[in-house]
Amino acid sequence: MSGKLTVIVGPMYSGKTTELLSYLEIYKLGKKKTLLFKPALDVRYGTDVVKTHSGLEAQAVSVEFSKDMLPHLQEKIDAVFIDEVQFFDKDLIKVVRKLLDENVNVFCAGLDMTFKQNPFETTMLLLALANEVIKKRAVCHVCGEHNATLTYKISDNDSEIDVGGKEKYIAVCRDCYNKLAGSGHGASSGGSDEDNR
Ligand SMILES: Nc1ncnc2c1ncn2[C@@H]1O[C@H](COP(=O)(O)OP(=O)(O)OP(=O)(O)O)[C@@H](O)[C@H]1O
Ligand SMILES: Cc1cn([C@H]2C[C@H](O)[C@@H](CO)O2)c(=O)[nH]c1=O
Ligand SMILES: [Zn+2]
């Protein structure tokens, strides 16, 4: 039977990596063969480790380009796990399709949108291919409700590719995002590409 693709998305701090690692744990408990990949760009916690905001850790293979995963996938593997998919090039879709055709289950986690509310393209393509989509929420940094679907950038750097954590980004609900953006605070107040057209 062909493999199944599960895609976990949401804003920062919503527990995407935590959920990814909980699926990995299930496969490990069953003594299944697994591999966890992360993009080389994400150096927040060092190169060959995936770590959650609550401190959970797992050994990972760090790769720059999606096709660099292929040499690691020669022997039979039961499930492949990929974190921070938004940072991978679009060839990730080809790699994932190949794995599914080879009966490998694939679990992906990543941001659906930038802090400007623009979709991350690789995540978007994976969502289209997914058998199951899990959309996570975080606790809104402003109002404290468990309804944060967006990430707001509190630093002034306007770049949509900018690795970082709490010093740069907060999770917010849509109402609080709009209030913050209206106040002109932080890079998110610049609006999305669509607004700027
Ligand atoms: N605003 C918040 N809402 C929810 N959890 C938070 C928040 N801030 C910190 N946390 C912590 O973050 C943990 C989730 O971390 P995790 O690394 O799984 O998130 P993530 O969605 O993968 O984040 P990122 O996109 O930054 O990698 C929660 O279990 C909680 O301990
Ligand atoms: C929201 C957002 C996060 N990031 C980064 C911060 C973290 O390193 C990672 C999210 O886990 O993505 C961006 O590069 N651009 C964005 O728009
Ligand atoms: Zn809020």
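Residues numbered from 1 in each chain as written. Chains lettered and ligands numbered in written order. Predicted model: local features only at pLDDT ≥ 70, side-chain atom pairs only at ≥ 80, totals over all residues. Heavy atoms only, no water.

Draft legend 1. Fine view of helix 1 (residues 16-29). End to end, helix 1 covers 20 Å across 14 residues, agreeing with the expected 20 Å (1.5 Å per residue, within 8%). Those residues of helix 1 not exposed but buried are K16, T17, E19, L20, L21, L24 and Y27. In the segment just after helix 1, K31 is the residue with positive phi, at about 55°. (Helix = DSSP H or I, 4+ residues; strand = E, 2+ residues; numbered from the N terminus. Expected span 1.5 Å × (residues − 1). Buried < 20%, exposed > 50% of the residue type's maximum accessible area, 1.4 Å probe, protein only.)

Draft legend 2. Geometry of the site of ligand 2. Taken together, 16 residues are adjacent to ligand 2, and E84, F115, E160, D162 and G164 come closest. One nitrogen or oxygen atom from the side chain of E84 is found 3.0 Å from an oxygen atom belonging to ligand 2. Contact with the protein chains hides 98% of the accessible area of ligand 2, taken as 410 Å² for the molecule alone. A breakdown of the residues in the shell around ligand 2 according to their chemical character gives eight nonpolar, four polar and four charged. (Near = heavy atom within 4 Å. Polar contact = N/O pair within 3.5 Å; in protein donor to acceptor, adjacent residues only side chain to side chain. Areas by Shrake-Rupley, 256 points an atom, 1.4 Å probe, with all protein chains shown as cover. Nonpolar A, V, L, I, M, F, W, Y, C, P; charged D, E, K, R; others polar.)

Draft legend 3. Region of interest: the site of ligand 1. The immediate surroundings of ligand 1 are formed by 16 residues, with K16, T17, T18, H53 and V139 found nearest. Within the backbone of G15, a nitrogen or oxygen atom sits 3.0 Å from an oxygen atom of ligand 1. Between an oxygen atom of ligand 1 and a side-chain N or O atom of H53, the distance comes to 2.7 Å. Considered on its own, ligand 1 offers 650 Å² of accessible surface; in the complex 79% of this is hidden by protein. Looking at the shell around ligand 1, its residues break down into five nonpolar, seven polar and four charged.

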